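One-letter residues, chain by chain:
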Amino acid sequence: MLVPLAVMVGVLTGLGAVAFRWLVEFFTRMFTGYADYSALGRVASAHWPALGWWFLLAAPVIAGAVYGPLVHHFAPEARGHGVPEVMFAVARNKGRIKPQVTVVKALASALCIGGGGSVGREGPIVQIGSATGSAVGQWLRRDTDRICLLVACGAAGGISATFNAPLAGVFFALELILRDFAAESAGVVVLSSVAAAVVGRTLMGDHPFLSLPGFTVHRPVEYVLSAALGVGAGVVGTVFSRVLYWVEDACDWLWRGPQWARPALGGIALGALLIALPQMYGVG
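All residue numbers refer to positions counted from 1 along the written sequence of the respective chain. Owing to the predicted nature of the model, reporting of local features is limited to residues with pLDDT of at least 70; listing and counting of side-chain atom pairs is limited to 80 or more, with chain, interface and lining totals taken over all residues. Derived side-chain values reflect all non-hydrogen atoms in the structure, with water molecules and hydrogen atoms excluded from consideration.

Participant: So what's going on with the packing of helix α5 (residues 122-139) against helix α6 (residues 144-163)? Which residues, and what values?
Facilitator: Two numbers describe how α5 lies on α6: the axes approach to 7 Å, and their chain directions differ by 145°. Where α5 crosses over α6, the two elements pack in a sense that is right-handed. Of α6, the residues touching α5 (which contributes Glu122, Ile125, Val126, Gly129, Ser130, Gly133, Ser134, Val136, Gly137 and Gln138) are Ile147, Leu150, Val151, Gly154, Ala155, Gly158, Ile159, Thr162 and Phe163. Looking at the contact of α5 with α6, its residues break down into 9 nonpolar, 9 polar and 1 charged. Only the stretch in contact is used when fitting a helix axis, every axis being a line fitted to C-alpha atoms; angles between N-to-C directions are given from 0 to 180 degrees. Per the convention used, a helix needs a DSSP run of H or I reaching at least four residues, while a strand needs a run of E reaching at least two, with both numbered from the N terminus. A crossing counts as left-handed when the near helix is turned anticlockwise from the far one by less than a right angle, and as right-handed when that turn is clockwise. Every residue pair with non-hydrogen atoms within 4.5 Å of one another is taken to be in contact. Asp, Glu, Lys and Arg are counted as charged, while Ala, Val, Leu, Ile, Met, Phe, Trp, Tyr, Cys and Pro are counted as nonpolar; the rest, among them Gly, fall into the polar class.

Structure (C-alpha cells):
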C-alpha cells in the first residue's frame, strides 16, 4: 500500500510545485509587469510607471500587508523558512502538519517573492510537499512512521519537481527530513521523487536548473583552489545562518506590535535594500 501512496504524493507535490512556480511568476508580473525583474536593473514597474523605481519601496509593503494577516489567521505554522518547520513536525509532532499549510504557504511565499522578497523556492516547496504528504497520511489514518515517511516523500518531490533534480530530492529528504537511509525508506522516497520529476518535466519542460559550461582541470593547483573554495563556502554558510537567526531574534525583541503587521513594516527595510540593489528582487 505504501508504494501507490508514495507515487500519489509525488504526483500531487509535482502539481503543487508547478502551481507554486506559476503563482510566483503571477505575483511578480502583478507587481512589476515582468516575469523576472532582477535582471532588468532599476527600472519602473510596467503597471505603476508614475512611481518610477520608488515602486520598489511599495511592493514589499503591500505584499507584507496581505500575507502577514493571511498566515497569522489561517496557518501560523506556515511562518518561517519551511525546512526547519518540517523537521520539527517529524521530530516532535509525529509528522502531523495541518492540511491548510499547503495552500497558505504557497500563497504567502509566492506573494513574498513576487513582492520583492529575496528568498528561494526550496523552503516553501519543501513545506508544501511535506504538508501534502502529511495530509494524505492523516486522511488515510496511517501510523506515525508511515506519516513521517510520506512527509519525506513530499519533501523529496518538492525539491525534485522545482529544480528538476530527482536525485537531489531523494538525498535531501533522507538525510535532512528522515535522517534514515533504510532500504524501505529510500525506495518509496525515490518513487515519489521520480513521480514529481515526471510531472514537473511534463508541465514545465526538461530544463536543468543551472546550465554550466564545460570544465577541465588544467593545473593541479586548481584542486587546492577548489578545496579552499569549499572551506570558504562552509565558513560563509555558517556565518550566514548565525546572522540570519540573530536578526530574527533581534526583530522578535524589538517588535512589540501584532505579528500580522510585522511583514508590512519589514517591507519598508526590504524596499530600501531593493532600491539600492534591485538585482535582489525575487527568487534568489
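Participant: So what's going on with helix α7 (residues 166-178)? Which residues, and what values?
Facilitator: With 13 residues, α7 extends 17 Å from end C-alpha to end C-alpha; this agrees with the ideal 18 Å at 1.5 Å per step. Buried means the residue's accessible area, taken with a 1.4 Å probe over protein chains only, is under 20% of the maximum for its type, while exposed means over 50%, and partly exposed covers the values in between. Residues of α7 that are buried: Gly169, Val170, Ala173, Leu174, Ile177 and Leu178. Those residues of α7 that are buried are in contact with α3 (83-92), α6 and α8 (183-204). Within two residues after α7, Arg179 carries a phi angle of roughly 55°, on the positive side. Working rule for helices: expected span equals 1.5 Å times residues minus one.

Participant: So what about the pattern of salt bridges? Which residues, and what values?
Facilitator: Two side chains carrying opposite charge are able to pair once their charged atoms lie near each other. By definition here, a salt bridge exists when the distance from a side-chain nitrogen of Lys or Arg to a carboxyl oxygen of Asp or Glu is within 4 Å. Within the structure shown, the criterion is met by 5 salt bridges. Notably, a salt bridge pairs Arg29 with Glu25, separated by 3.1 Å at the nearest N-O pair. Linking Arg29 with Glu25, this pair stays in helix α1 (residues 2-32), spanning 4 residues, or about one helical turn. Take Arg29: its relative accessible area is 38%, and that puts it in the partly exposed class. Its relative accessible area of 36% is what places Glu25 among the partly exposed residues. As a salt-bridge pair, Arg262 and Asp252 come within 2.6 Å of each other at their nearest N and O atoms. Placement of Arg262 in helix α10 (residues 262-276) and of Asp252 in helix α9 (residues 221-254) is noted, with a sequence separation of 10 residues between them. Three or more residues are tied together by salt bridges with common partners; here these are Arg79, Asp252 and Arg262.

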